[in-house]
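# Secondary and tertiary structure notes
Letter by letter, the chains look like this.
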Amino acid sequence: MNEVVSDFTGIIENEVKLFSQRNGAECKGFVFNEKTNEESISVSLRGFDVNIFVGDGLTYGYPLFEDTEDLIGYSILTRFKFNFSPYYFSPYDIHNVIESKDFETLDFHTLQDEDDISEAIGAILSFIENNLEKINDITGNLILQKQLKDNYEQDMSVVSKKITADKLKENFRKNAEKHEINLYFYGHGNLTYTFANSGNYKELDKYFKRRSKKGKLTVFEQRLYAHLENNGYEPVSDKTKEYAEKQYKNRKKNLWLEIPSYIIGGILAIITLIAVEKLTSVALTDGFYRLLGIGESSQLSFFLLIISYRYIIVHIFEALFIKKVYASERDKKAEKKAIAILTAVCCMVIVLCAGYNYFFKICTVALHDSGIYVGTQVKNDILPFENDRVEFFLIEGYTDSENETYYDGYEDKEMYIVTDKDYEGYIISSYGEIEETVSLLKEKGVKIISVKDYEAFSDTYVYPE
């Protein structure tokens, strides 16, 4: 893998300092918050502060024209703090009040490299600089201030209904942060990205109409809806189009890793469980002369094995085929450490799943000179040939439902083994010939129940009326 360690915060800080110099503003350098694993830089302008929060995969703020459903990346999120309100307002809140007509991404969640970082910080600083006079007007205009706060509270009533004014008074920071997270997932996977990438507006139009009727659009969404309708859903700007297309390419690249990793993970999970069953079948002591059947492995184990193998494989693929860009040396070390820990956890899960199925889950049934062996490696018994715990069903054939034909040839017969009345979890005897198995069981005086076909077995035992 071609690893690149960049300095995303250095790029951002340089642009913010230049912005501050141009506008005679005070800039305070980056501060790292260990609790949230994000950094922030602030600029003090006349009457308000601009706080820019950056970090990997920050899940708050509205994702406009972004594929946050399938793509995680570096985030740049800007918040405006005015003296007249405790709220931290997003660029979209400001966009609403100043009635901007330029509908472009201003909260960024899917940035991947230095070019993305430069374009994103350039976009947000240009938005502020181009509208600085209007934003300054908010600080001295009571009507605009009320509108800004009313819009925020309106959005909260749509996105975070459980966060009331009283709850904000009780713990403002906690509930305000929760609202920001709700806003992210409210727009998570929204159709604005699909529209930006493909120009297909029909689903987005349906989304807006449906939510508009129910009063479930945020103020910004209401304005975006009106703007698109008034302009015939004309395509987005070239800059937004390029951003959407780049996200799509990164998503496809990720799919080329994800899909094969799940397929290979599934194959390895099957091989692991088959190997465990084989080990179980050869673990019988010399006194057993006939293995009759082995129960299925745990479905949960299969799922856990797929996830564990998939995690290991996808990181092997990334190391071989992907150019990885780290935001800093600290982020590189943190990710490497996290990958090492999670890989070790996945290996442990694989071992535990294999051990659990071998010792505790897989039920073995075998014929012994003195009785029928049944149970797991940890807990098993040799039962009398005539007992209530193990039942044998000879399925005489099968019925073809399409032509209503019944087949009962030699190759159509099966033996079902049921332990402890678990008819739904029956074991298919797949060790040796059916006739030989039946002959051995009859020789020992074991009762065999003859059933016409699976449907008759199911109707009589699995789902009896």
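What this report covers is the structure whose coordinates are included nearby. On a predicted model such as this, the values are computed, not experimentally measured, just so you know.

### Re the overall build of the protein
- Of regular secondary structure, the protein possesses 15 helices and 18 strands.
- Here the protein has a C-alpha radius of gyration of 32 Å; the compact-globule value for 465 residues is 23 Å, and the former is much larger.
- Counting only C-alpha atoms and orienting by the principal axes, one finds that the protein spans roughly 100 × 50 × 45 Å.
- Here the protein holds 465 residues, and 45% of them are scored as buried.
- Expressed as a percentage of contacts within the protein between residues at least 6 apart in sequence, the contacts between residues at least 24 apart total 68%.
- By element, 52% of the accessible surface of the protein is carried by carbon and sulfur atoms, the whole surface being about 24,800 Å².
- Averaging the locations of the 53 positively and 74 negatively charged side chains of the protein gives two centres separated by 7 Å.

### Topic: the packing of helix α11 (residues 238-282) against helix α13 (residues 329-361)
- Where α11 meets α13, the closest approach of the two axes is 10 Å, and the angle between their N-to-C directions is 35°. Taken as a pair, α11 and α13 cross one another with a handedness that is right-handed. Where α11 abuts α13, its residues T272, L273, V276, L279 and T280 lie against A354, N357 and Y358.
- Class assignment for the residues of the contact of α11 with α13 results in 5 nonpolar, 3 polar and no charged.

### Some thoughts on the layout of surface pockets
- For the largest pocket, the calculated volume is near 1,600 Å³.
- Lining the largest pocket are 48 residues, and of these I72, G73, Q112, E318 and K324 sit closest to its centre.
- By residue number, the principal contributor to the lining of the largest pocket is α11, which donates 8 residues.
- Tallied by class, residues from the lining of the largest pocket come to 20 nonpolar, 12 polar and 16 charged.

### A short note on helix α10 (residues 219-230)
- The end-to-end C-alpha separation of α10 is 17 Å, in line with the 16 Å expected for 12 residues at 1.5 Å each.
- Burial in α10 covers these residues: V219, F220, E221, R223, L224, Y225 and L228.
- Taken together, the buried residues of α10 touch α2 (91-98), α5 (142-159), α7 (172-186), α8 (192-198) and α9 (202-213).
- Looking one or two residues beyond α10, the residue adopting positive phi is G232, at roughly 60°.

### What to know about the pairing of strand β5 (residues 74-82)
- With respect to burial, β5 is a largely interior element, 9 of its 9 residues being buried.
- Covered by surrounding structure in β5 are Y74, I76, T78, F80 and F82 together with S75, L77, R79 and K81, the residues of both alternating faces.
- As defined by bridge partners, strand β4 (residues 48-56) adjoins β5 across 9 bridges and the pair is classed as antiparallel. Note that in β5 the partner of F48 across the bridge is F82.
- Bridge count for β5 against strand β7 (residues 108-111) is 2 bridges, and the pairing is antiparallel. Along β7, the bridge assignment pairs Y74 with L111.
- Between the end of β5 and the start of strand β6 (residues 88-89), which pair antiparallel, lie 5 residues.

### A look at the nonpolar core
- Grouped together as the largest cluster of nonpolar side chains are 68 residues, with contacts concentrated most on I76, I94 and I128.
- By size, the runner-up hydrophobic cluster in this structure holds 19 residues, among which are I372, L383, L394 and I417.

### Things to note about the pairing of strand β18 (residues 448-451)
- With burial as the criterion, only one face of β18 is covered, namely that bearing I449 and V451; the residues I448 and S450 on the opposite face remain uncovered.
- Sheet analysis places strand β13 (residues 390-395) next to β18, joined by 4 bridges and oriented parallel. Among the inter-strand pairings, I395 is bridged to a residue of β18, identified as V451.

### Overview of the side chain of E104
- Mapped onto the secondary structure, E104 falls in the loop between α2 and β7.
- Those residues in contact with E104, other than ones at most four positions away along the chain, are L64, F65, Y92, S237, K239 and T240.

### Some points on the pattern of salt bridges
- In the structure shown here, the tally under the stated rule is 23 salt bridges.
- A salt bridge links E3 to K332, with the shortest nitrogen-to-oxygen separation between them at 3.3 Å. Of this pair, E3 sits in strand β1 (residues 3-5) while K332 sits in helix α13, and the two are 329 residues apart along the sequence.
- Looking at E3, the relative accessible area reads 29%, which means it is partly exposed.
- In this structure, a network of salt bridges that share partners links the residues E3, K332 and K336.

### Here we look at a nonpolar patch on the surface
- On the surface, L255, I259, I263, I264, I267 and I271 cluster together to form a nonpolar patch covering roughly 520 Å² of accessible area.
- Within the secondary structure, I271 is located in helix α11.

### Quick word on a positive patch on the surface
- Among the surface-exposed residues, K161, R210, K214 and K216 lie close enough to one another that they form a single positively charged patch.
- In this structure K161 comes out as exposed when scored by relative accessible area, which is 60%.

### What to know about the side chain of T105
- Note that T105 resides in the loop between α2 and β7.
- At 2.9 Å, the side chain of T105 forms a polar contact with the backbone oxygen of L64.

### Considering a negative patch on the surface
- Taken together, D7, E114, D115, E119, D238, E242 and E245 make up a surface patch of like negative charges.
- Relative to the helices and strands, D7 is located in the loop between β1 and α1 (8-22).

### Details of the environment of T343
- One can find T343 in helix α13.
- Taking the C-alpha atoms as reference points, T343 and D70, separated by 273 residues in sequence, lie 22 Å from one another.
- With residues near it in sequence (within four places) discarded, T343 still touches Y311 and I312.

### Topic: the packing of α11 against helix α12 (residues 299-321)
- Where α11 contacts α12, the two axes come as close as 7 Å, and the packing angle between them is 135°. In terms of orientation, α11 lies oblique with respect to α12. Helix-helix and strand crossings are classified by hand; for α11 and α12 the assignment is right-handed.
- Of the residues in the contact of α11 with α12, the class split is 16 nonpolar, 4 polar and 3 charged.

Calculation rules
Residues numbered from 1 in each chain as written. Predicted model: local features only at pLDDT ≥ 70, side-chain atom pairs only at ≥ 80, totals over all residues. Heavy atoms only, no water. Helix = DSSP H or I, 4+ residues; strand = E, 2+ residues; numbered from the N terminus. Rg over C-alpha atoms; globule rule 2.2 N^0.38 Å. Buried < 20%, exposed > 50% of the residue type's maximum accessible area, 1.4 Å probe, protein only. Contact = heavy atoms within 4.5 Å. Areas by Shrake-Rupley, 256 points an atom, 1.4 Å probe, with all protein chains shown as cover. Lys, Arg positive; Asp, Glu negative; His and termini not counted. Charge placed at Lys NZ, Arg CZ, Asp CG, Glu CD. Axes fitted to C-alpha atoms, helices over the stretch in contact; angles between N-to-C directions. Left-handed = near helix turned anticlockwise from the far one by under 90°. Nonpolar A, V, L, I, M, F, W, Y, C, P; charged D, E, K, R; others polar. 1 Å grid on protein atoms, 1.4 Å probe; cavity = no way out; pocket = protein on both sides within 12 Å on 5 of 7 lines; lining within 4 Å. Points joined across faces, edges and corners; volume = space filled by probe spheres on them. Expected span 1.5 Å × (residues − 1). Pairing = 2+ DSSP bridges. Core = buried A, V, L, I, M, F, W, Y, C linked by side-chain atoms within 4.5 Å. Salt bridge = Lys/Arg side-chain N within 4 Å of Asp/Glu carboxyl O. Patch = residues over 30% accessible without salt bridge, like charges linked within 9 Å, V, L, I, M, F, W, Y side chains within 5 Å. Polar contact = N/O pair within 3.5 Å; in protein donor to acceptor, adjacent residues only side chain to side chain. Parallel < 35°, antiparallel > 145°, perpendicular 65-115°, else oblique.

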